[in-house]
Amino acid sequence: MTKENAIKNLDEVITKIEFSRLQVDNHKIVQLVAISKYSTAEDVQKLYESGQRAFGENKVQDLKIKQEALDDLPIAWHFVGSLQKNKINNLIDLSPVLMHSLDSLDLAEDLDKKLKAKNKKMNCLLQVNSACEDSKSGFSKDEAIDMYHKIKEKYTNINLKGIMSIGAHSEDRTQIIESFKTTKNIFDNCQGATICSMGMSGDFEMAILEGSSMIRVGSALFK
Ligand SMILES: *Cc1c(COP(=O)(O)O)cnc(C)c1O
C-alpha cells in the first residue's frame, strides 16, 4: 500500500462514516478501529501518518509484534479475536485499550482471575452472536443481557463497556440489518454500556444507521 492509497482509503471510509452518521444524529460519534490483521506494521504506520490512531488485531502474537514494531507511536491498540486461555496472560501484558471479544463465561472467569493476579483491569466488550450462526462465537441473544450484568457484578477486574457483534453473514441486506437491530437492542438494555461495536468493511454503513458507535474496518482501509 502506498502512502497515497492510505490517505485515499482513509478518506473514503471517513466520508462514508460521516454520510451515515449525519443521517442518524448530528452529535453522534462513531469511532473507527482499523483492523490490521492482514497487513504489515509498515502499512499501519502509513495509516497512522494519514491520521488514524486506533488499530486492532485478532491474534495476541500479531498484536505483540505490531506493538513492538510501532512502539514509538501513540497508537490505541484493540484486540478483536477469540482469546485462547493459554494466551490470556500475554494479552494482559499488552494492555489493549479495549478487548472486543469476551465470548464466554469461562473466559470471563479466567480473565478476571488472571487480571486480579497481576493487579490489572481490562476494558472489554461482551461478544454477542446476534445472527445465531454456528460459525460465530459469542453469547446467544437470549442470554446476553443477563450475562452482561452477571459478569459486571461478579468479575470486578473486567470493565465491561458494551457489546460487540459481527453482522449476519449474508447477501441479504435485511438479514444483516436485522442482526444489527438485535445487537443494538441488547446494547440498549445493558446498564452503563457506552460502546456498541458493530460494522465491518462490507456493512459498516448499515451498522451506523442502526446505531453502531464503533466500527472495525480492515480490508477497506488496507488495500
Ligand atoms: C477481520 C475483522 C474485522 C475487519 O474485517 P473487514 O471485513 O476486513 O473489514 C472486523 N472485526 C473482526 C472481529 C475481525 O476479525
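Notes on the structure follow. (Residues numbered from 1 in each chain as written. Predicted model: local features only at pLDDT ≥ 70, side-chain atom pairs only at ≥ 80, totals over all residues. Heavy atoms only, no water.)

**Some thoughts on the overall build of the chain**
So, step 1. The helix and strand tally for the chain stands at eight helices and nine strands.
So, step 2. The C-alpha radius of gyration computed for the chain amounts to 17 Å, which stays within 12% of the reference 17 Å derived for 223 residues, consistent with globular compactness.
So, step 3. With the C-alpha coordinates of the chain rotated into their principal frame, the extents come out at 50 × 40 × 35 Å.
So, step 4. Looking at the chain as a whole, 50% of its 223 residues are labelled buried.
So, step 5. Sequence separation of at least 24 residues holds for 60% of the intrachain contacts in the chain that already meet a minimum separation of 6. (Helix = DSSP H or I, 4+ residues; strand = E, 2+ residues; numbered from the N terminus. Rg over C-alpha atoms; globule rule 2.2 N^0.38 Å. Buried < 20%, exposed > 50% of the residue type's maximum accessible area, 1.4 Å probe, protein only. Contact = heavy atoms within 4.5 Å.)

**Overview of the nonpolar core**
So, step 1. In terms of nonpolar packing, the biggest core is built from 60 residues, with F55, M99, L102, L111, I151, I158 and L221 touching the most fellow members.
So, step 2. The contacts of F55, once residues within four sequence positions are left out, are V33, A34, S36, V44, L47, Y48, I75, A76, W77, H78 and F222.
So, step 3. Residues V33, I35, V80 and M164 belong to the second largest nonpolar core, which totals nine residues. (Core = buried A, V, L, I, M, F, W, Y, C linked by side-chain atoms within 4.5 Å.)

**What to know about the site of the ligand**
So, step 1. Neighbouring the ligand are I35, K37, V80, M200, S201, R216, V217, G218 and S219.
So, step 2. Here a nitrogen atom of the ligand and a side-chain polar atom of R216 are 2.9 Å apart.
So, step 3. Within the contact set of the ligand, an oxygen atom lies 2.8 Å away from a backbone nitrogen or oxygen of S219.
So, step 4. Notes on the ligand: free accessible area 390 Å², of which the protein chains cover 86%.
So, step 5. Here the residues of the shell around the ligand sort into four nonpolar, three polar and two charged. (Near = heavy atom within 4 Å. Polar contact = N/O pair within 3.5 Å; in protein donor to acceptor, adjacent residues only side chain to side chain. Areas by Shrake-Rupley, 256 points an atom, 1.4 Å probe, with all protein chains shown as cover. Nonpolar A, V, L, I, M, F, W, Y, C, P; charged D, E, K, R; others polar.)

**A word on the layout of surface pockets**
So, step 1. What the largest pocket holds in volume is close to 700 Å³.
So, step 2. When the residues that make up the lining of the largest pocket are grouped by side-chain class, the tally is nine nonpolar, 14 polar and six charged. (1 Å grid on protein atoms, 1.4 Å probe; cavity = no way out; pocket = protein on both sides within 12 Å on 5 of 7 lines; lining within 4 Å. Points joined across faces, edges and corners; volume = space filled by probe spheres on them.)

**What to know about the pattern of salt bridges**
Close approach of charged atoms lets side chains of opposite charge pair.
So, step 1. On inspection of all chains with the given rule, the structure shows 12 salt bridges.
So, step 2. With a closest N to O distance of 3.4 Å, E12 and K8 form a salt bridge. In this pair, E12 and K8 are both assigned in helix α1 (residues 3-24), four residues apart and thus about one turn of the helix distant.
So, step 3. For E12, a relative accessible area of 32% corresponds to the partly exposed category.
So, step 4. Since its relative accessible area comes to 47%, K8 is described here as partly exposed. (Salt bridge = Lys/Arg side-chain N within 4 Å of Asp/Glu carboxyl O.)

**A few points about the packing of aromatic side chains**
So, step 1. According to the stated counting rule, one finds one aromatic pair in the structure shown.
So, step 2. With centroids separated by 6.0 Å and ring planes inclined at 45°, the aromatic side chains of F55 and W77 adopt a geometry described as tilted. You can see F55 sitting in strand β2 (residues 54-57) and its partner W77 sitting in strand β3 (residues 76-79), a full 22 residues away along the chain. W77 matches F55 in its accessibility class, with the two residues each being buried.
So, step 3. A cation over a ring is seen here: R53 above Y48, with NZ or CZ 3.8 Å from the ring centre. (Phe/Tyr/Trp six-rings, centres within 6.5 Å; stacked < 30°, edge-to-face > 60°. Lys NZ or Arg CZ within 6 Å of the ring centre and 35° of its normal.)

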